[in-house]
Amino acid sequence: MHTNVNQAWESSRRRFLVWAVGGLSTLGAALVGMPVLGMLLAPALQQRHKETWVDFGPVDAIPFGVPRMLTATARQRDGWYDQTVRRAVWVVRSEQAGLTVFGPRCTHLGCAYRWDAGRNQFACPCHGGTYAITGEVTGGPPPHGLHKLAAKIEQGTVRVRFVSNGAAS
Ligand code: FES
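Calculation rules
Residues numbered from 1 in each chain as written. Predicted model: local features only at pLDDT ≥ 70, side-chain atom pairs only at ≥ 80, totals over all residues. Helix = DSSP H or I, 4+ residues; strand = E, 2+ residues; numbered from the N terminus. Pairing = 2+ DSSP bridges.

(A) Structural view of the overall build of the protein. Regarding its fold elements, the protein presents one helix and 11 strands. The linear arrangement of helices and strands in the protein, starting from the amino end, is α-β-β-β-β-β-β-β-β-β-β-β.

What follows is the structure in structure tokens.
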């Protein structure tokens, strides 16, 4: 009788020890692993919405009242991925409003549009979308006007803001 009680107690004690050692091991691994995991993921998480300002050259090279397409290369970092990307924008310079900068893609399905000087409008070749020099839709299927990008002039250089995923803000 005593032997059975002792065996049951011993078995229960063993199960508890196995559970306790397993639990402590898991807890230890988590305590060690969490900072390492955080360190590995931090660059990807931190860069998610980082903005970058890209230089597009001297403002004096842009004529007043005539849209000009400008291009530049910029470094883009997305998490661990670091690459050089080509950026393009349309810039309208006016004496009154200063600079207005548009993203280079039509807001319908993303085709590249161009300035049609003869018709005094931006025109998209894909489905006939048109925009005024102010970026507002004047015809065709685009659901809204051209995307405006934040821009500034620093020491005579046009600088345009992009976010790390490449979208304009
Ligand atoms: S993509 Fe420009 S009109 Fe359709």
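(B) Summary view of the sheet that holds strand 8 (residues 137–139). Spatially, four strands are ordered 5-6-7-8 in an open sheet, and the strand pairing comes out antiparallel. Both outer strands of the open sheet, strand 5 (114–116) and strand 8, are each paired with one neighbouring strand and no more. Where strand 5 lies against strand 6 (residues 121–123), three bridges are found, and the strand directions are antiparallel. When the bridges of strand 6 are listed, aspartate 116 appears paired with glutamine 121.

(C) The arrangement of unusual backbone geometry in detail. Here asparagine 120, not a glycine, exhibits a phi torsion of approximately 55°, which is positive. Take asparagine 120: it is sitting in the loop between strand 5 and strand 6. Here the phi dihedral of glutamine 155 falls at roughly 50°; this positive angle occurs in a residue that is not glycine. Tracing the sequence through the fold places glutamine 155 in the loop between strand 10 (151–154) and strand 11 (157–163).

(D) Spotlight on the pairing of strand 3 (residues 81–94). Sheet topology note: the strand 2 (residues 68–78)/strand 3 ladder contains 11 bridges and is antiparallel. Opposite arginine 77, over in strand 3, you have aspartate 82 as the bridge partner. What sits between strand 2 and strand 3 in their antiparallel hairpin is a turn of two residues, with glycine 79 showing a positive phi close to 65°. Where strand 3 and strand 4 (residues 98–102) come together, five bridges link them in antiparallel fashion. If you follow serine 94 over to strand 4, its bridge partner there is glycine 98. The hairpin formed by strand 3 and strand 4 contains three residues between the paired strands.

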